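# Summary of the model geometry
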Amino acid sequence: MNFQISTNGAGVIPSRQASKELDCETAALLRAAIRPIFASAASWGNLTDILKDKGYRLVFRQGRLCITDRTTDARVCGLRFLGLEFRDLVNQLGRPIVVARGDGANGDILATRPTADQD
């Protein structure tokens, strides 16, 4: 049996990078380890501190809140992967303090509000 795929006018077809995708067991373990941190967090500062201790950061990438590896800055997962909604986190923790980074809709969540230097 042969299949022929026509790509006339379709442009570049992105290839999947299976080595960077999580298998189902790893995904389940990640969810089991990370979700309770979000559920028990008392504030954005508390959440970012706990994630920092575990080797992760909370950042906005292309306008979406996600978790990245602290050492490599590689994206680990997004909120949807964890079964969380940003609006639910805002209801639980209040509005986050975000500082914009780069040209796109990227930014970092700060643990504390910056203060003006009065020197």
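Please refer to the structure higher up on the page.
What counts, and at which threshold
Residues numbered from 1 in each chain as written. Predicted model: local features only at pLDDT ≥ 70, side-chain atom pairs only at ≥ 80, totals over all residues. Heavy atoms only, no water. Helix = DSSP H or I, 4+ residues; strand = E, 2+ residues; numbered from the N terminus. Buried < 20%, exposed > 50% of the residue type's maximum accessible area, 1.4 Å probe, protein only. Contact = heavy atoms within 4.5 Å. Areas by Shrake-Rupley, 256 points an atom, 1.4 Å probe, with all protein chains shown as cover. Phe/Tyr/Trp six-rings, centres within 6.5 Å; stacked < 30°, edge-to-face > 60°. Lys NZ or Arg CZ within 6 Å of the ring centre and 35° of its normal. Axes fitted to C-alpha atoms, helices over the stretch in contact; angles between N-to-C directions. Parallel < 35°, antiparallel > 145°, perpendicular 65-115°, else oblique. Left-handed = near helix turned anticlockwise from the far one by under 90°. Nonpolar A, V, L, I, M, F, W, Y, C, P; charged D, E, K, R; others polar.

Secondary structure summary: the protein chain contains 4 helices and 5 strands in total. Ordered by position in the sequence, the α and β elements of the protein chain form the string α-α-β-β-β-α-α-β-β. Taken across its 119 residues, the protein chain has 26% of its residues classed as buried. Long-range pairs, those at least 24 residues apart, make up 41% of the contacts in the protein chain with a sequence separation of at least 6. A total accessible area of about 9,000 Å² is found for the protein chain, and carbon and sulfur atoms account for 49% of it.

Moving on to the side chain of Thr-68. By the secondary structure assignment, Thr-68 is in strand β2 (residues 64-69). For Thr-68, a relative accessible area of 0% puts it in the buried group.

According to the stated counting rule, one finds 2 aromatic pairs in the structure shown. Centroid distance Trp-44 to Phe-86: 6.3 Å. Interplanar angle 40 degrees. Geometry classified as tilted. Of this pair, Trp-44 sits in helix α2 (residues 44-54) while Phe-86 sits in helix α4 (residues 86-93), and the two are 42 residues apart along the sequence. Trp-44 sits in the buried class, given a relative accessible area of 4%. Ring plane angle 80 degrees and centroid distance 5.8 Å describe the contact between Phe-60 and Phe-86, whose orientation is recorded as edge-to-face. Highlighted residues: Phe-60 in strand β1 (residues 56-61) and Phe-86 in helix α4, separated in sequence by 26 residues. Of the aromatic side chains, those joined through ring pairs into one cluster are Trp-44, Phe-60 and Phe-86. Above the plane of the ring of Phe-81 lies Arg-31, whose end atom (NZ or CZ) is 4.1 Å from the centre.

Moving on, we come to the packing of helix α1 (residues 24-40) against α2. Their axes nearest at 9 Å, the elements α1 and α2 cross at an angle of 155 degrees. If you check the angle between α1 and α2, you find them roughly antiparallel. Pair α1 / α2 crosses with right-handed handedness. Residues Ile-34, Ile-37, Phe-38 and Ser-40 of α1 lie in contact with α2, whose contacting residues are Asn-46, Leu-47, Ile-50, Leu-51 and Lys-54. Along the lines of polarity and charge, the residues of the contact of α1 with α2 split into 6 nonpolar, 2 polar and 1 charged.

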